[in-house]
Amino acid sequence: MKHKGLTRPKRLPLGKSWLERYQGKKPIRDYRKYFDVPSDCAVQELQMLGLALTKEEIAKGRNGEKARARNRKAKEQKAAAKRRSAAAPKEVNDDLPWQDENFFFIVGYTDWGFPYGITWEEEKQMNNDASLFATAPPEDIIVD
């Protein structure tokens, strides 16, 4: 059970009982996760509760927080780039009347005027060598 949103005066008594029961090897990380606080806050509170932390443990705890922030930022940038590329219109060549933003090749139109044919996704799948070789017959079989 996480204790999210507790203030320090309410968190410290709970932290004391947590520390008495704690048997792990990474107290800064586990305290931070349990109480949903930043690493600096976890270090301060653990020291206030009487836990002796080495400089190496404190440095590891703070470096972990920096790494999580970098990973979070990279993940957000990747998601934003994916949203931008999905929102960007596909290049449509107006000189090719058998293509549009949805279809790589328009075979024809229904009676109501809707196009049908090969979509861009289907074309991409057809150009994927792995799927092409998976559907082709083996070379040693001769088909007459």
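As the structure is a prediction and not an experimental result, all values here were calculated from the model.

The rules behind each value
- Residues numbered from 1 in each chain as written.
- Predicted model: local features only at pLDDT ≥ 70, side-chain atom pairs only at ≥ 80, totals over all residues.
- Heavy atoms only, no water.
- Helix = DSSP H or I, 4+ residues; strand = E, 2+ residues; numbered from the N terminus.
- Buried < 20%, exposed > 50% of the residue type's maximum accessible area, 1.4 Å probe, protein only.
- Lys, Arg positive; Asp, Glu negative; His and termini not counted.
- Salt bridge = Lys/Arg side-chain N within 4 Å of Asp/Glu carboxyl O.
- Contact = heavy atoms within 4.5 Å.
- Axes fitted to C-alpha atoms, helices over the stretch in contact; angles between N-to-C directions.
- Parallel < 35°, antiparallel > 145°, perpendicular 65-115°, else oblique.
- Nonpolar A, V, L, I, M, F, W, Y, C, P; charged D, E, K, R; others polar.
- Polar contact = N/O pair within 3.5 Å; in protein donor to acceptor, adjacent residues only side chain to side chain.
- Pairing = 2+ DSSP bridges.

A. Representation of the side chain of E123. Structurally, the position occupied by E123 is in helix α5 (residues 120-126). This buried residue, E123, is left without a salt bridge; K124 holds the nearest opposite charge, at 7.2 Å. When sequence neighbours within four positions are dropped, the list of residues in contact with E123 reads F104 and I118.

B. Representation of the packing of helix α2 (residues 27-35) against helix α3 (residues 39-48) within the structure. As a packed pair, α2 and α3 sit with axes 9 Å apart at the nearest point and diverge in direction by 110°. Here α2 lies roughly perpendicular to α3, going by the angle between them. Contact residues: P27, I28, Y31 and R32 in α2; S39, A42, V43, E45 and L46 in α3. Residues belonging to the contact of α2 with α3 are distributed by class as follows: six nonpolar, one polar and two charged.

C. Seen up close, the side chain of D100. With respect to the helices, strands and loops of the structure, D100 is situated in the loop between α4 (55-87) and β1 (103-109). Within polar-contact distance, the side chain of D100 engages the backbone nitrogen of F103 at 2.6 Å.

D. Quick peek at the pattern of salt bridges. Counted by the stated rule, this structure contains two salt bridges. One salt bridge connects R11 with E45, and the closest N-O pair in it is separated by 2.6 Å. Of this pair, R11 sits in helix α1 (residues 8-21) while E45 is found in helix α3, placing the two residues 34 residues apart along the sequence. Overall, E45 belongs to the buried group, its relative accessible area being 0%. We note a salt bridge from R29 to D30, for which the minimum N-O separation is 2.9 Å.

E. Broad picture of the pairing of strand β2 (residues 115-119). Bridge analysis of β1 against β2 gives five bridges, and the strand direction is antiparallel. What sits directly across from Y109, in β2, is P115. Connecting the antiparallel pair β1 and β2 is a turn made up of five residues, with G113 showing a positive phi of about 95°.

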